[in-house]
Amino acid sequence: MTKRIVCMLLAVLAVFTLGAPAFAAEETVPAETEAILPEEPGDVPPAEEDPLAPAETEDAAPVAEESVNAESEAAGPEEETPDTAPAVDGADAEIGPETTPDPGVTSGSCGSNVNWSLSGAVLTISGTGSMTNFRGRNGGHAPWYGGTFTSVVIEDGVTNIGNEAFLECASMTSISIPSSVTSIGTQAFEGCYALTAVGLPTGLTSIGDRAFYDCWALRSVTIPDTVRTMGVDAFAFCKGMTTLKLSSGLRKLDLRSFTGCTSLTAVTVPSAVTEICDSAFDGCSSLATVNLPSALRTIGPSAFQGCGLRSVTIPASVRTVGDWAFADCARLASVTIQSSSTTLGAMAFANTPWSVRDGAFFIRDGVLYDYQGDGGQVTIPGSVTEVAGYAFCDETAVTAVTIPASVKTIGQWAFGNTGITELTVPATVTSVGSQAFANNLNLTSAVVSAGTVGNEAFWYCPVLSSVRLTATVGEIGDSAFDDCPSLKRVMILNRSCAIGRITLPDDAVICGYAGSTAETFARQNGYAFEPYTGPHKDGWAKERGQWYYYKNDIPVTGWLSVGRERFYFGGDGVMAAGRMQLDGETYYFNESHNGSYGAMKTGWVKLDGVYYYFSKTTGAMVTSDWVLDGKTWYYQDADGRQAAGLRQVEGKTYYLNEKHDGTYGAMKTGWVKLDGVYYYF
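K.L.:
Could you give an account of the overall build of the chain, with specific residues and numbers?
P.N.:
Within the chain, the regular secondary structure consists of four helices and 51 strands. Counting only residues that meet the buried cut, the chain has 49% of its 681 residues in that class. When contacts within the chain are restricted to residue pairs at least 6 apart in sequence, long-range pairs at least 24 apart make up 31% of them. For the chain, the exposed surface amounts to about 31,800 Å²; the carbon and sulfur share of it is 49%.

Have a look at this one:
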């Protein structure tokens, strides 16, 4: 189970208590007509069949509209929206009787005012109004079911193509549909393996579930702009489809709309589409190009999984990219995500060239999307500016995490359900997302300096006993500490902090400044209040053997100049000492207690018997470059070590003094004798 699913289930458990529903049968189905439950549509790929083989007529349960839509209904409560496919015209028409086609019958009725006739290889549908909605596997196939006709002509006046009207008409290669048709019913053309083309008329408004499912030979489809709804699996497994033009009237692409269309090469999603549902283009292995509209808000799970995409741009409007949405796209090397607030689901880009990892971290453009390391104490790289939603979710082996001062945003459930025991969030973080630290069963204390603490940020941390919210915290979201039964002390040091609807244990104490919003909240909600009187911290402080620097009670993080010295403080406020990697550069901070402990060193530094040079302007270690010290040139190798002996630099050979005579590493010029041979530099 993916990280995101687990976390969402945990959130649901916090809100709902599920009970088993009771069912009462109103009718008893006679034994001779008892239905066999159908398989879920699309679960099993169709077997490769001979398109001209006669269709099987073995009795089976119907694929009813309720069953076809079962998966989409499970996603939420039923709503009447323009995106819900309406019942097709003729829904109340009489269902055809269960019959075995009689080759001697060549005409009849297929609707109140609609008739059919068969002449040679041509089937003609004529009349006015609605066709019958057939339910061949539970009440009657169309009278022409199993016929060997190759062409169908529907005459003007017919207003809909009924459910299962041409189900498994395996010999049909062409059909003429008039402009009077406004809807195509469920499974209308499913299994028409030989159908190579279909002209959908202007005026058509809806295409039902599985309408063209398994139309293997269908090559090109243009859906007119009048179509506003298109059902589940509408064109699924149309393996021969190479080109597709979608209706500008569509607002969403439904579940598995084009899944398995392995020949489709390019798609432009209409400008009004706001949602691409689960598996819409799953398995479209030839799909190399997709253009997504600026109105798009949701890309569902597995929407483009296994496609042939080489690049994709996720518009700034997109709020959510679902689990596995672009996973297994073996050629996807370029991804542009235009908004940092877009939430990526678990494994959204798994197994793509773009998602190549930097060790245990998957980082792109400063965003840490996922962690898959061995756990223990984890230090987030200094190149990270955002920890995306679910990045560490369910990593229970992670017991400690250091968040660097470079991080500005922490997404929802980013550290949910980990093994972290203590937590420090630096003041550089502007926002902590909802449930960011939820369900941490081992977390005992937290110091948070972020600007905003989201809703349910620490929901269900059962052993969390103390929280310190520093003066930089301006807002605490609703239910931030719900279900934290051990939380006895919450310190709020921002005098005007906006405090949401939070619930604490009855014996909890809120500590803050007298006259602050913390005191007001405590008095109004019946919690004990303890006035904060200090100690007021400014400047240097040694705590637990580590040095910190405070400004207005807040530990400094990042770079700080004190007098003429430069210091660096990690995300937890601890002063750095020794060699350290920061934003891809190496720095050295004094390790000797000679009055400038922790100060950034520049110039020559001898470490473990090797000389390194740190820039006097930036402090960064010089690597693969020349250093001019006074009038003498030196060269520092790729690892920063001072070079000596012969060196090739940019195609030229230089000699750097190898003698320890006070000028070791200095570039030599003029005549130099090496191994008995003179060279001139």
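K.L.:
An account of the side chain of Thr-418 is requested, with residue identities and associated values reported.
P.N.:
In this structure, Thr-418 sits in the loop between strand E26 (409-410) and strand E27 (422-425). Here the side chain of Thr-418 touches Ile-420 through a polar contact of 3.3 Å, landing on its backbone nitrogen. Here the side chain of Thr-418 touches Asn-440 through a polar contact of 2.6 Å, side chain to side chain. Excluding its chain neighbours within four sequence positions, the residues that come into contact with Thr-418 are Phe-392, Glu-395, Thr-396, Val-398, Asn-440 and Leu-441.

K.L.:
Outline the pairing of strand E50 (residues 671-674), listing residues and values.
P.N.:
The alternating pattern of E50 places Val-672 and Leu-674 on a buried face and Trp-671 and Lys-673 on a face that is not buried. In this sheet, strand E51 (residues 677-680) lies alongside E50 in antiparallel orientation, the contact comprising four bridges. Bridge pairing in E51 places Leu-674 opposite Val-677. Between E50 and E51, which follow one another and run antiparallel, lie two residues, and Asp-675 among them has a positive phi close to 50°.

K.L.:
Tell me about the nonpolar core, and please be specific about residues and values.
P.N.:
Trp-144, Phe-166, Phe-189, Phe-212, Phe-235, Phe-304 and Phe-326 are the most contacted members of the largest nonpolar core, which has 82 residues in total. Put simply, the parts of the chain that give this core at least two residues each are strand E2 (114-119), strand E3 (122-127), strand E4 (151-154), strand E17 (311-314) and strand E22 (367-371). Not counting the four nearest positions on each side in its chain, Phe-326 is found in contact with Ile-299, Phe-304, Leu-309, Val-312, Ile-314, Val-321, Leu-332, Ala-348, Phe-349, Ala-350 and Thr-352. Leu-368, Ile-476, Val-490 and Phe-529 belong to the second largest nonpolar core, which has 54 residues in total.

K.L.:
I'd like a description of the pattern of salt bridges, backed by residues and values.
P.N.:
Taken as a whole and assessed by the stated rule, the structure comprises nine salt bridges. For Asp-639, the salt bridge identified is with Arg-641, shortest N-O distance 3.2 Å. Since its relative accessible area comes to 43%, Asp-639 is described here as partly exposed. Arg-641 gets classed as partly exposed once you look at its relative accessible area, which sits at 38%.

K.L.:
How would you sum up unusual backbone geometry? Please name residues and give values.
P.N.:
Of note in this structure, Asp-214 is not a glycine but carries a positive phi near 65°. Relative to the helices and strands, Asp-214 is located in the loop between strand E8 (206-207) and strand E9 (220-222).

K.L.:
Any details on helix H4 (residues 517-525)? Residues and values, ideally.
P.N.:
Side chains of residues three or four places apart in an α-helix project in the same direction, reflecting 3.6 residues per turn. Among all positions of H4, only Ala-518, Glu-519, Phe-521 and Ala-522 are buried. The buried residues of H4 occupy an angular sector of 165° when the element is viewed end-on, so they sit on one face. Seen from the open side of H4, the exposed residues pointing more than 90 degrees away from its buried face are Arg-523 and Gln-524. Next to the buried residues of H4 lie strand E33 (489-492), strand E34 (498-499), strand E35 (509-512) and strand E36 (528-531). After H4 finishes, the residue Gly-526 shows a positive phi value of roughly 80°.

Conventions we followed
Residues numbered from 1 in each chain as written. Predicted model: local features only at pLDDT ≥ 70, side-chain atom pairs only at ≥ 80, totals over all residues. Heavy atoms only, no water. Helix = DSSP H or I, 4+ residues; strand = E, 2+ residues; numbered from the N terminus. Buried < 20%, exposed > 50% of the residue type's maximum accessible area, 1.4 Å probe, protein only. Contact = heavy atoms within 4.5 Å. Areas by Shrake-Rupley, 256 points an atom, 1.4 Å probe, with all protein chains shown as cover. Polar contact = N/O pair within 3.5 Å; in protein donor to acceptor, adjacent residues only side chain to side chain. Pairing = 2+ DSSP bridges. Core = buried A, V, L, I, M, F, W, Y, C linked by side-chain atoms within 4.5 Å. Salt bridge = Lys/Arg side-chain N within 4 Å of Asp/Glu carboxyl O. Arc of directions from axis to C-beta.

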